[in-house]
Amino acid sequence: MDDAASGQEKEGAEPLSEEGQLLKARKARPYQYTTHTNYIDLLRDAFLTAPANDKRRTLAKVRQARNDMSQLFPMDENRWLEWIDDEQSQAETIDERLEVMDLCTRAVTDQVASVKLFKAYADFVEAQHIFATSAAASGNVTMAEYKDLFSLETVVDTYRQGAEATAHDIANSRLLWDKYLDLVMQDLAAAPSDTKIQRVYDMFLARLGTPHSSIEETWAAFSQFVTQYDNAHYEKTMVKFNKIYSAAAAKNSDREVYEFPLRREMNANKTPTEEETRIWAEYLEWETSQPKKKLDEAMACALYERCLLRLGQAAKVWEDYVFFLLEKCHNSMPKVISVLQRATRACPWSGTLWSQQIIALEKGFKSFEEVSEVKHKATKTELLDLGGQEELLKVNIAWCGFLRRRAFERNAAEEDLDMAEMGIGEAVTESEHGQFPDPDYRLHRIQINFYTEAKKFDRARTIWKDLSKKKGISYEYWLRYYSWELAYGTKEAAGNILKRAIQIKGLDWPEKILDVWKTHVEDFGSITEVESMLVKHRRFAMDVAMRRAIEQEQYAQQVPAEAEPVQQAEVEARPKASSKRPRSDADADAEESHPTPKKAKPELGSLPDSSATADANTTTAQQPVKRDREHLTIICRNLPENTPEVRIRQFFRDCGDINSLKFVDGVATVEFDSRDGVLAAQTKDGKLFEGQAIEITVGTGTTLYVTNFPPVADETYLRSLFAPFGDIVDIRFPSLKYNTNRRFCYIQFSTPEAAQRATSMEGTQLGEKENLIARISAPEKKQQRANPTAEGRELFIRSIDFKITEDDIRTLFSQYGTVEKVRFLPGQRPGTHRGTGFLVFDTKEAADASLELNGHTLNGRNLDVSIAQVKGAIAAAAAKPVASTTLVDRTAGDASAPNFQAIKTKTLGIMNLADTVNEARLRTLFEPYGSLRKVTLRPDHAGALVEFDNVADAGKASLALEGTDIDGQKIEIGDLETLMKRKPERKVTKGFVSQKQQQRFVPAVVARPGQATKRRGLGFSGAMSKKTTEKGEGEKTEAKGGKSNEDFKRMFLKGE
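Quick caveat: nothing in here was measured; it's all calculated off a predicted structure. (Residues numbered from 1 in each chain as written. Predicted model: local features only at pLDDT ≥ 70, side-chain atom pairs only at ≥ 80, totals over all residues. Heavy atoms only, no water.)

A.B. asks: Which residues make up the overall build of the chain, and what values go with them?
C.D. replies: Counting its secondary structure elements, the chain contains 43 helices and 24 strands. Across the chain, every contact between residues at least 6 apart in sequence was considered, and the portion connecting residues at least 24 apart equals 63%. Roughly 55000 Å² of accessible area belongs to the chain as shown, and the carbon and sulfur atoms make up 51% of that amount. (Helix = DSSP H or I, 4+ residues; strand = E, 2+ residues; numbered from the N terminus. Contact = heavy atoms within 4.5 Å. Areas by Shrake-Rupley, 256 points an atom, 1.4 Å probe, with all protein chains shown as cover.)

A.B. asks: Describe the side chain of T452, with residues and values.
C.D. replies: Position of T452 relative to the elements: it lies in helix α23 (residues 442-453). Aside from chain neighbours lying at most four places away, what touches T452 is F457, A460, W484 and Y488.

A.B. asks: Got a sec to walk through the sheet that holds strand β2 (residues 658-664)? Specific residues and values, please.
C.D. replies: The antiparallel open sheet is built from four strands, whose spatial order is β2-β3-β1-β6. Edge positions in the sheet fall to β2 and β6 (695-698), since each of these pairs with one other strand and no more. Averaged over all pairs of adjacent strands, the angle between strand axes in this sheet comes to 20°, irrespective of strand direction. Pairing analysis gives four bridges linking strand β1 (residues 633-637) to β6, with the strands arranged antiparallel. Pairing of R637 across the sheet is with E695, part of β6. Here helix α31 (residues 645-652) sits on the sheet and contacts β1, β2, β3 (667-672) and β6; the angle it forms with β2, its principal contact strand, is near 135°. Each of β1, β3 and β6 is contacted by helix α32 (residues 675-682), which is oriented at about 150° to β6, the strand it contacts most. (Pairing = 2+ DSSP bridges. Axes fitted to C-alpha atoms, helices over the stretch in contact; angles between N-to-C directions.)

A.B. asks: Provide a residue-level description of unusual backbone geometry, including the pertinent values.
C.D. replies: Positive phi outside glycine occurs at N331, with the angle close to 50°. Mapped onto the fold, N331 is located in the loop between α16 (315-328) and α17 (333-346). A positive phi angle, near 60°, is found at F365, a position not held by glycine. Locating F365 in the fold gives a position in the loop between α18 (351-363) and α19 (368-379).

A.B. asks: A description of the pattern of salt bridges should follow, citing residues and the corresponding values.
C.D. replies: Following the criterion strictly, the structure yields 52 salt bridges and no others. The partner of R278 in a salt bridge is E275, with the nearest N and O atoms 2.5 Å apart. Taken as a pair, R278 and E275 lie in helix α14 (residues 274-288) at a separation of three residues, close to a single helical turn. With a relative accessible area of 27%, R278 lands in the partly exposed category. E275 sits in the buried class, given a relative accessible area of 13%. In this structure, the salt-bridge partner of E390 is R442, at a minimum N-O distance of 3.1 Å. Here E390 is found in helix α21 (residues 389-407), whereas its partner R442 is found in helix α23, with 52 residues between them in sequence. Judged by its relative accessible area of 26%, R442 falls in the partly exposed class. (Salt bridge = Lys/Arg side-chain N within 4 Å of Asp/Glu carboxyl O. Buried < 20%, exposed > 50% of the residue type's maximum accessible area, 1.4 Å probe, protein only.)

A.B. asks: With reference to specific residues and values, describe the confidence of the model for the chain.
C.D. replies: Per-residue pLDDT for the chain averages 79, and the proportion of residues at 70 or more is 79%. Confidence drops under a pLDDT of 50 for residues 559-625, and excluding neighbours within four residues, the segment shows 109 contacts in the predicted structure. (pLDDT = per-residue confidence, 0-100.)

A.B. asks: I'd like to hear about the packing of α19 against α21, residue by residue, with values.
C.D. replies: In a packed pair of helices, the relevant descriptors are the angle between the two axes and the axis-to-axis distance. Packing of α19 against α21 leaves a shortest axis separation of 10 Å and a crossing angle of 160°. One way to sum up the angle between α19 and α21 is to call them roughly antiparallel. Considering the relative orientation of α19 and α21, their crossing is left-handed. Across from F368, V371, S372, K375, A378 and T379 in α19, the residues of α21 making contact are L392, V395, N396, W399, F402, L403 and R406. Residue composition of the contact of α19 with α21, grouped by class: eight nonpolar, three polar and two charged. (Parallel < 35°, antiparallel > 145°, perpendicular 65-115°, else oblique. Left-handed = near helix turned anticlockwise from the far one by under 90°. Nonpolar A, V, L, I, M, F, W, Y, C, P; charged D, E, K, R; others polar.)

A.B. asks: Give me the packing of α17 against α18: which residues, what numbers.
C.D. replies: Interhelical geometry of α17 versus α18 gives an angle of 150° and a closest axis separation of 9 Å. When the interaxial angle is binned, α17 and α18 end up roughly antiparallel. Note on packing geometry: the crossing formed by α17 with α18 is left-handed. Together, M333, V336, I337, L340, Q341, A343 and T344 of α17 and L353, W354, Q356, Q357, A360, L361 and K363 of α18 make up the contact between the two elements. In terms of residue class, the contact of α17 with α18 is made up of nine nonpolar, four polar and one charged.

A.B. asks: Before we move on, could you go through the environment of A681 and cite the residues and values that matter?
C.D. replies: Relative to the helices and strands, A681 resides in helix α32. Judged by relative accessible area, A681 falls into the buried class, the value being 0%. The residues contacting A681, other than those within four sequence positions of it, are I634, F652, C655, F672 and I696.

A.B. asks: Kindly report on the pairing of strand β19 (residues 943-948), identifying the contributing residues and their values.
C.D. replies: For β19, a buried count of six out of six residues is recorded, marking the element as mostly surrounded by other parts of the structure. Neither face of β19 is open: one carries G943, L945 and E947, the other A944, V946 and F948, and all of them are buried. As judged from the five bridges shared by strand β17 (residues 907-911) and β19, these two strands associate in the antiparallel manner. The residue of β19 that forms the bridge with L908 is V946. Inspection of the sheet shows strand β18 (residues 932-938) paired to β19 by six bridges, in the antiparallel sense. Bridge pairing in β19 places V935 opposite V946. Where β18 hands over to β19, the hairpin turn is made up of four residues, of which A942 adopts a positive phi near 55°.

A.B. asks: Lay out the state of the cysteines in plain terms, naming residues and giving numbers.
C.D. replies: As used here, a disulfide is simply a covalent bond connecting the sulfur atoms of two cysteines. Counted by the stated rule, this structure contains zero disulfides. Note on C301: no disulfide assigned, nearest cysteine sulfur contributed by C329 at a separation of 4.6 Å. (Disulfide = S-S within 2.5 Å.)

A.B. asks: Before we move on, could you go through the nonpolar core and cite the residues and values that matter?
C.D. replies: Formed by 110 residues in total, the largest nonpolar core has its most connected members in I513, L795, I797, I809, F813, L839 and F841. In terms of residue count, α21 provides more of this core than any other element does, nine residues in total. Once you skip the residues sitting within four places of it in the chain, L839 turns out to touch R793, E794, L795, I797, I809, F813, V819, K821 and V822. If you look at the next biggest cluster of nonpolar residues, it comprises 63 residues, including M69, C104, L117 and A132. (Core = buried A, V, L, I, M, F, W, Y, C linked by side-chain atoms within 4.5 Å.)

A.B. asks: Talk me through α21; I want residue IDs and the actual numbers.
C.D. replies: The terminal C-alpha atoms of α21, which comprises 19 residues, lie 27 Å apart, in line with the 27 Å expected from a rise of 1.5 Å per residue. For α21, a buried count of 14 out of 19 residues is recorded, marking the element as mostly surrounded by other parts of the structure. (Expected span 1.5 Å × (residues − 1).)

A.B. asks: Describe the sheet that holds β18, listing the residues and the values that go with them.
C.D. replies: Taken in spatial order, the four strands make up an open sheet running β18-β19-β17-β22, and their pairing is antiparallel. Two strands lie at the open edges of the sheet, namely β18 and β22 (972-974), each paired on one side alone. Each neighbouring strand pair of the sheet contributes to a mean axis angle of 20°, computed without reference to strand direction.

A.B. asks: I'd like to hear about the packing of aromatic side chains, residue by residue, with values.
C.D. replies: Applying the stated criterion across every chain yields a total of 42 aromatic pairs. Arranged with centres 5.1 Å apart and planes meeting at 55°, the rings of F204 and F222 form a pair that is tilted. Residue F204 is found in helix α11 (residues 194-208), and its partner F222 is found in helix α12 (residues 215-229); the two are separated by 18 residues along the sequence. Summarising the burial analysis for this pair, F204 and F222 share the class buried. Of the aromatic side chains, those joined through ring pairs into one cluster are W177, Y201, F204, W219, F222, F225, Y229, F241 and Y245. The ring of F131 is capped by R97, whose NZ or CZ atom sits 4.1 Å from the centre of that ring. In this structure, R861 packs its charged tip against the face of F802, placed 5.5 Å from the ring centre. (Phe/Tyr/Trp six-rings, centres within 6.5 Å; stacked < 30°, edge-to-face > 60°. Lys NZ or Arg CZ within 6 Å of the ring centre and 35° of its normal.)

A.B. asks: How would you sum up the environment of G827? Please name residues and give values.
C.D. replies: For G827, the position within the fold is in the loop between β12 (819-826) and β13 (833-841). Here the alpha-carbon distance between G827 and F802, two residues 25 residues apart in the chain, equals 9.7 Å. Contact partners of G827, with chain neighbours within four places excluded, come to T832, H833 and R834.

A.B. asks: Tell me about the side chain of R982, residues and numbers included.
C.D. replies: By the secondary structure assignment, R982 is in the loop between α41 (976-980) and α42 (995-1001). When its relative accessible area of 15% is taken as the criterion, R982 is described as buried. Separated by 2.6 Å, the side chains of R982 and E972 make a polar contact. (Polar contact = N/O pair within 3.5 Å; in protein donor to acceptor, adjacent residues only side chain to side chain.)

A.B. asks: Help me get a handle on the environment of E645, residues and values and all.
C.D. replies: Along the chain, E645 turns up in helix α31. Residue E645 is classed as partly exposed on the basis of its relative accessible area of 37%. The sequence separation of E645 and K662 amounts to 17 residues, and the corresponding C-alpha distance is 7.9 Å. For E645, the contacting residues outside a window of four places in its chain are L661 and F663.

A.B. asks: Which residues make up α16, and what values go with them?
C.D. replies: End to end, α16 covers 20 Å across 14 residues, agreeing with the expected 20 Å (1.5 Å per residue, within 8%). Among all positions in α16, only A315, V317, W318, E319, Y321, V322, F324 and L325 are buried. Elements in contact with the buried residues of α16: α14, α15 (297-310), α17 and α18.

What follows is the structure, given as structure tokens:
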């Protein structure tokens, strides 16, 4: 074929066939994945359509193409299944059947977590067992050996291997384990024995301790097994195993919120969609961010493996998997090496994975030959170039670092030193010749460290001097050079480096060099040198100040209209309706019924007046606590459990005005309006109530202030989290009416001792970046909110490369101190940023020190780092509820976007929603019914807006969730206009609700289809229920254009 292909290129020859063109492309670009897949697909189509007498010839060509590809890239799950099916269809002889078995072994080795491949493997072995048994029974002598090879024990063992390898696949592991159990149970029924019974017990013990979708069926099967084989100990056995089953069932239930939409997406699409990718990302983040005590390493690893079956060419998933193993799994190095071997096959263009493999092999004490083979395998192809030249640099950095460390090991030979010098020198030369960029001269620094350790200081100094030709305007280069000379040279030579640096025109941060030079001379110079330095320092400082003034003036001329300070960009970038800065989670809790009054707004960009701030602080300090639940609450125990709350109110009403009352499981918490009420209530301690002596204690010290928990956490979640510490009387969430970003709560225990024990949860990691705060509530000690911007702890960073992540910035800046928070301004598309962000340190000193990174080159761009400016509006203005009553038409001016009416049809208005429900909880509730585009809280209308990606999903959610109870209120679902007519929720803070108030608080009746009252639903222009107009007695006319609940029901049943 090669000759034919070559001949066809001659002038006058016929053009190449499609097969010839693909073959030529594959030979020209052997490391391009798509050339292999396209060629295989073409050959397979020819095989499937070939006549019976030509099947074997065409299959041989497909087999060769597949083998060629598998030498370079891993085959994905579907391609392995196709390969096995094709080979199995033509396997007739014993040797051909054994080759199919070998192929199955290769498949499950390549895709270690694939239930489908293990199932295909086991089904094939079982089919061969049936075939051999049948052939041998018919007198075929040649099949006797084949029957021994594919015995029943081999079938069972194959299913066992598959069941164990995929045990933690929640969704699909049952396909192998159930069959494995059936085979074992058949063998047990045929010849019962204690050994076999114990084997089944062990199987159930492992299975019931592992979360899986059919865990209830497994429990039922176990119950049946115990009844049949150990009925005498049934109750004792079931009680023992129930603890294991319950824990696994709870884990399974926790994961259903991700498993349900994941199954929906995977069943609907053969290849991964953006929505599926998003679900995987959220699922993995949740699974791997569990606190140490709850983290299930096996489940997390299995989830990564499942994800990689679908997203095997996503280098970031492999990277996350590897770093999860390194960070949170003990003794994981063998597994890390194994995963990295597969990762670099799947994503050979990722320098991060190759470099990590080199590091892992070194850490695992592998031989030089193994490490060298990996390095050359990474660089011998052009695949690294696909990821960018930065990827090639990563591999060379890891390789040179390995050579340097190896050269100075205790048992290193002279040739190791020579090999390191040569290898590092080659990498530096390649970098200097432009084969890959090294803007931060990392390879040169490795070379300098090598010569320094080898005591060849003159060679290292020569490299430093040569670097000044390219890095002379970088203050960072001069400081590194100075630090090296100070450590390995003389103090005089180190000082001369600084003198040379400050004389360079265009130095990016001369102020820093001046400060270091001044410190150096003061520390090591004579009095004459100090005096001379001060004179020169003053002159240089004046020159720098003038330069900065000119630059500032030029910048102001370029951007004359930029009146808002940098903090305004951050506020506008948040996808919130309010323009106010959200309060921090740790901002304790001025009650929602007392919003902060607005203050005069200073000019933009100006600092708030210090005297005014001091006056405000003084005023705040003098104000009494507005509502002191902790000291005005009593706890009453030993009440009859069926006592009506009204009876308890009557019992305490003579003590004083009651603000609130809660009664749960025989324990009541009563909050009074004043201290006198508490004192009066204490006199009732020991008295009889409905024939029972009650116990009364003051609630001081029983309430816990809790924040920094996951956004989706609700009362059930928090109760289960804190239940081990004692009886929980009440959990109170703040109103989101004035700030939808608030996330804290108060948990009241029945005793101060229980609350004190619960503070041990302080610092528990519940999310990726959040540590739980759990403290005894003390309103009298409440502090004003810390403002990192006003304290000078917040940096404003610009010119960030768009590929850089928040973690990259955190790592870079953490060398100067503890980084509390990093946040990028989001870009137009999800998952992107604008190249601008903010970073908060724990101290001002760390923030000031980190200004050294101003001008630092990161991924080819020079960072612009400065202290964030205080915005007066943030310091002075209080949050206020959203004033807008209409949706903004975000499609205006965009011809390709759906029109505003189309958006409204996909938008649900959620009404009668408690103002304690946040966006994350709403997303968790609605996402199982379809992909969400946006969720907007509207506490100013006692509800929220939920926009789906398509109308059908909105209809499903409307039908399924109407009347759902959230925080004690049954939600109603309608459209935008209906929601905007609602008024905000009004709360009764004390006493009984009057009859007039009760009538006022009753939500408007929403009519069902056929009722006279109109209900406009789901954003449709017509009413969701049928409009009717009276024409005569019993005569009605139906309106057109709307969709009723029946319409949505039909859409739901059809799966639209």
